[in-house]
Amino acid sequence: MQQFRFFLTEAWEYLWRGRGTSLASIVALSAVLFLFALVLLVTHNVVAWSGQLSAREGITVFLADGVSDLRARELQELFAGFGEVGEVRFVSREEALLSLEQDLGGLSVNDALGENPLPNTLVVSLTSAAAAQPGATQRLAAEMLNYDDVEDAVFGDEWIDALDQGLRRLRVANLAVGFLSALAVGLVLFTTLKLVFLGRRETIRILKVVGATNRFIRSPFLVLGALQCLLSGGLALLLLFGARAALSSWLPGFAYLPPSQIALFLLGSVVFGLIAALLAIEPALHGVEQDRQEVVR
Amino acid sequence: MIRLENVYKSYSGSTGPWVLEDLSLGIGAREMVFLLGASGAGKSTLLKLVTLEERPTKGKIKVHHFDSSLVKERQVPELRRRCGVVYQDFRLIRDKTVQENVAYVLKMTGILDPDVIRNESHRVLDLVGLYAKRHQFPTTLSGGEQQRCAIARALVHQPSIVLADEPTGNLDPAMGAEIFEILRRVNVAGATVLVATHDQDLARRFADRIVVLEQGKLRREETPRARRSVELGELGPVR
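Residues numbered from 1 in each chain as written. Chains lettered and ligands numbered in written order. Predicted model: local features only at pLDDT ≥ 70, side-chain atom pairs only at ≥ 80, totals over all residues. Heavy atoms only, no water.

This paragraph deals with the overall build of chain B. Helix and strand content of chain B: eight helices and ten strands. The long-range fraction of contacts in chain B, counting pairs at least 24 apart against all pairs at least 6 apart in sequence, stands at 67%. (Helix = DSSP H or I, 4+ residues; strand = E, 2+ residues; numbered from the N terminus. Contact = heavy atoms within 4.5 Å.)

Before going further, it helps to spend a moment on the sheet that holds strand β6 (residues 83-87) of chain B. Residues and elements named next belong to chain B. Taken in spatial order, the six strands make up an open sheet running β6-β7-β8-β3-β9-β10, and their pairing is mixed. Bordering the open sheet on either side are β6 and β10 (217-222), each of which pairs with just one other strand. Here the average twist between neighbouring strands, direction ignored, is 15°. When strand β7 (residues 161-165) meets strand β8 (residues 192-197), the two strands line up parallel, connected through five bridges. Paired with Ile161 across the strands is Thr192, a residue of β8. Contacts between helix α5 (residues 143-155) and the sheet are confined to β6 and β7, with β6 contributing the most and set at about 165° to the helix. (Pairing = 2+ DSSP bridges. Axes fitted to C-alpha atoms, helices over the stretch in contact; angles between N-to-C directions.)

Time to look at the packing of helix α9 (residues 201-209) of chain A against helix α10 (residues 214-246) of chain A. All names here are of chain A. Where α9 meets α10, the closest approach of the two axes is 9 Å, and the angle between their N-to-C directions is 150°. Of the possible angle classes, the one that applies to α9 and α10 is roughly antiparallel. Contact with α9, carried on its side by Ile204, Leu207 and Lys208, involves Asn214, Ile217 and Phe221 of α10 and no other residues of that element. Per-class residue counts for the contact of α9 with α10 are four nonpolar, one polar and one charged. (Parallel < 35°, antiparallel > 145°, perpendicular 65-115°, else oblique. Nonpolar A, V, L, I, M, F, W, Y, C, P; charged D, E, K, R; others polar.)

The subject of this paragraph is the environment of Ala277 of chain A. Structurally, Ala277 of chain A is set in helix α11 (residues 259-296). For Ala277 of chain A, a relative accessible area of 0% puts it in the buried group. (Buried < 20%, exposed > 50% of the residue type's maximum accessible area, 1.4 Å probe, protein only.)

Inspection of the entire model under this criterion finds 15 aromatic pairs over all chains. Judged by centre distance (6.5 Å) and plane angle (40°), the ring pair of Phe82 of chain A and Tyr147 of chain A falls under tilted. Taken together, the residues Phe82 of chain A in the loop between α3 (69-80) and β2 (85-91) and Tyr147 of chain A in the loop between α7 (136-145) and β4 (150-154) connect sequence positions 65 residues apart. Through pairs of rings, three or more aromatic residues link up here, namely Phe6, Phe7 and Phe216 of chain A together with Tyr104 of chain B. (Phe/Tyr/Trp six-rings, centres within 6.5 Å; stacked < 30°, edge-to-face > 60°.)

With that settled, consider the interface of chain B and chain A. The interface of chain B with chain A comprises 21 residues on the first partner and 22 residues on the second. Both sides of the chain B and chain A interface together cover about 2,100 Å² of buried area, and 58% of this is carbon and sulfur. Contact with chain A buries area across many residues of chain B, yet Tyr104, Met108 and Leu112 of chain B alone supply 28% of it, more than any other trio. At the surface where chain B touches chain A, the tally comes to three salt bridges. (Buried area = accessible area lost by both parts, 1.4 Å probe. Salt bridge = Lys/Arg side-chain N within 4 Å of Asp/Glu carboxyl O.)

For the rest of this paragraph, the subject is the sheet that holds strand β1 (residues 2-9) of chain B. All names here are of chain B. Spatial strand order, β2-β1-β4-β5: four strands in an open sheet with antiparallel pairing. A single partner strand is all that each edge strand has here, and the edge strands are β2 (20-27) and β5 (66-67). As paired elements, β1 and strand β4 (residues 58-63) share five bridges and run antiparallel to each other. Counterpart to Leu4 in the pairing with β4 is Ile61.

Shown next, in the form of structure tokens:
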């Protein structure tokens, strides 16, 4: 712990000593991370909305003729036990007929056809999380069709397919923006840390000759990379929070990132900062030794 | 403590020209040995070989249990931490105070207790007479003070070997004598001291043994009689 505090103090000193460069770097990193966080926020809201819509639409399972109420209740309990299923409501053929006749303005279907043509049905709604998964509704409907006494399982194919496609595109966009952000963050951090390292090169040479290990020299730079990314990530999230609050009257119901995603975003920033710092420092560290040998020659 | 066996060193390849040529030398514990020679005689290279800043082209060097032909690169920092090195150009970290420069070495060796760091730093700064200037930055010190700071840094982790490469090269004679006096005290306290210099007078005044190098070869060894008798008379045998 003491050692980490020492490395943190050193990193903070590097940050403070080159505060002009550090500030420019943090601003640039924040801008990139803001864009990434914005895409995450849009995705989060779209996924939540699509989940709610799909869950509301659900699947209507038509049971075969002659299926007893008891069997229908069995199937209701069975489907309710599926992880993706939020609720299963049993609608008897009598209730369905009543509802149809109401929809038809009081026309008696029974009188017209001589019998009730409607089957018993189960109305299945999905959990929001499952509904947000592309293809989940289709998979669940197909699985339900495999059961005896299930005649058909229908859902709004077209619009759910369109929604699924939209979600897939959004996830691809997420990946693309994530990749580009990572690339930009990596480049900015790589350049900044190289500059800091070059500024400390003489000190590093001295440390090497008095017996510092590479780990001792490298660690403050790794902490510096992580620290810069953490500060930038925090700043990006703050900016996003401010922007969302400012636009909240135009975008009612547009939620901010949940705490778990905020934590993940910051953790990801730190890990990425560490990796970028390692990639920047490792060759430079070995370069110091080679430079020294060339100077001697 | 330090042993060189038929050491050759070239910066141009395995066939020379040789900066050091067929050099064999043994330095015992608690000895104070001076390497004398003109510029280019190979004194600094010899010191670099001891800390494995350079590896011998041929031959073998043993420092403690570290054998140059066997030691791995990741073990080199451990060897260097057993040595304290003083350079002609001081090599102090400019943006750290005198005390921070000294304390840095302790932190590097894994000592992070603030009380221990403060006590040890004060002890060596007191030894070299820089305690009062411990909060100053190196650039505000005179050459002699900077060199004393470098010596304090070299001593703070209590190394068994102290190497000094032309430590008085940038100093006036009076200050030079003062620096050698500090190194002598370090030697009396138990450290092996190896000094590269071209100052014959000071070498004869302070050395247990003088090794004269000429164009990379060991020309001769001397044991200054005056020094030996004074040493025995004042302190008794140190070995």
